[in-house]
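Given next are the chains, with one letter for each unit.
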Amino acid sequence: ITPWLRYSLALFFTLMIVLLSSKAGLLIWIFVISVFSLLLFFIEKRRREGILLLTVSSIVFTILLISFPHAAGRVSQAGLGSGTNPGDSLRPAAQSTGERLTVWKAAGTVALRHLPVGTGTGDVKDALLAEYRIHHFDQVLEKRLNAHNQYLQTTAALGVPGLAILLASILFPLIASLRRKSPVLFLFVGSWALSLLFESMLETQAGVTFYALFNAVLLSACDPDPSGNPLQV
């Protein structure tokens, strides 16, 4: 892939993320640009290109936020929310943050209550809804929200063993990316791990298929082990 195509795609996807006004997406964008710039600067010794990428990306990102006030509002409201029942009078961004804090609190309570083996996959939704009902979290109860955090969701449903398997599914490819010096795999797995903080991605078939497919493809595309052994982490 040529440098011009690479940066054109970076600008295009930056625009798409800003238009989507996703706070998690914006956080992951910062992670990807920062890691890639550091990679260029320290690992590949292309310091000028690394500084240029970080500078231009920051300028373009700021211009886009100014050009699209709704996206800027999502960023400015990202820290609001007390973890109590979100009110109708809050802005959508603040309400969204408040709802997440609410369901995280409830999911954490359920997970702790059912340690070490969890509620079971068939009962976790009922346990969450019961917790919402106890604390009068009426809005999230009406929407029947899941934990909106895969780590909490898995711990509540499958306990410590489930959380250990989930973390292993992230750590093994991450270690492989470092051993095989694959920045693309590292960025993919890192972005996935961050995404799981804000959504229960594995609760849908689309999320499971997405990670299974791209994780397998990127792992198989890694450079072979210097010792000549098959790919292993």
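Remember, it's a predicted structure, so these values are computed and weren't measured experimentally.

Participant: Tell me what's going on with unusual backbone geometry, and back it up with residues and numbers.
Facilitator: Looking along the chain, the bond that leaves leucine 115 and enters proline 116 is cis, with omega of 5 degrees. With respect to the helices, strands and loops of the structure, proline 116 is situated in the loop between helix H5 (92-113) and helix H6 (124-134). Backbone geometry at lysine 45 places phi at a positive 60 degrees, although glycine is not the residue there. Assignment of secondary structure puts lysine 45 in the loop between helix H2 (23-43) and helix H3 (47-67). One non-glycine residue, histidine 148, lies in positive phi territory at about 55 degrees.

Participant: Mind laying out the nonpolar core, listing which residues take part and the relevant values?
Facilitator: If you look at the biggest cluster of nonpolar residues, it comprises 17 residues, and the most contacted ones within it are Leu128, Tyr132 and Val140. Mapped by element, the contributors of at least two residues to this core are H5, H6, helix H7 (138-143) and helix H8 (150-179). Residues contacting tyrosine 132, with those up to four places away along its chain left out, are Val103, Ala106, Phe137, Val140, Leu141, Leu145 and Asn146. Of all hydrophobic cores here, the second largest spans 14 residues; its members include Leu166, Ala176, Trp192 and Leu196.

Participant: Give a description of the layout of surface pockets that names residues and reports values.
Facilitator: In this structure, the largest pocket spans a volume of roughly 1,100 Å³. In terms of lining, the largest pocket is formed by 30 residues, of which the most central are Leu9, Ala10, Phe13, Val32 and Leu187. Of all the elements in the fold, those that place two or more residues in the lining of the largest pocket are helix H1 (3-20), H2, helix H9 (183-195) and helix H10 (205-220). Here the residues of the lining of the largest pocket sort into 23 nonpolar, 4 polar and 3 charged.

About the criteria used
Residues numbered from 1 in each chain as written. Predicted model: local features only at pLDDT ≥ 70, side-chain atom pairs only at ≥ 80, totals over all residues. Heavy atoms only, no water. Helix = DSSP H or I, 4+ residues; strand = E, 2+ residues; numbered from the N terminus. Core = buried A, V, L, I, M, F, W, Y, C linked by side-chain atoms within 4.5 Å. Buried < 20%, exposed > 50% of the residue type's maximum accessible area, 1.4 Å probe, protein only. Contact = heavy atoms within 4.5 Å. 1 Å grid on protein atoms, 1.4 Å probe; cavity = no way out; pocket = protein on both sides within 12 Å on 5 of 7 lines; lining within 4 Å. Points joined across faces, edges and corners; volume = space filled by probe spheres on them. Nonpolar A, V, L, I, M, F, W, Y, C, P; charged D, E, K, R; others polar.

Interpretation note: all reported values are geometric properties and have no functional meaning in isolation.
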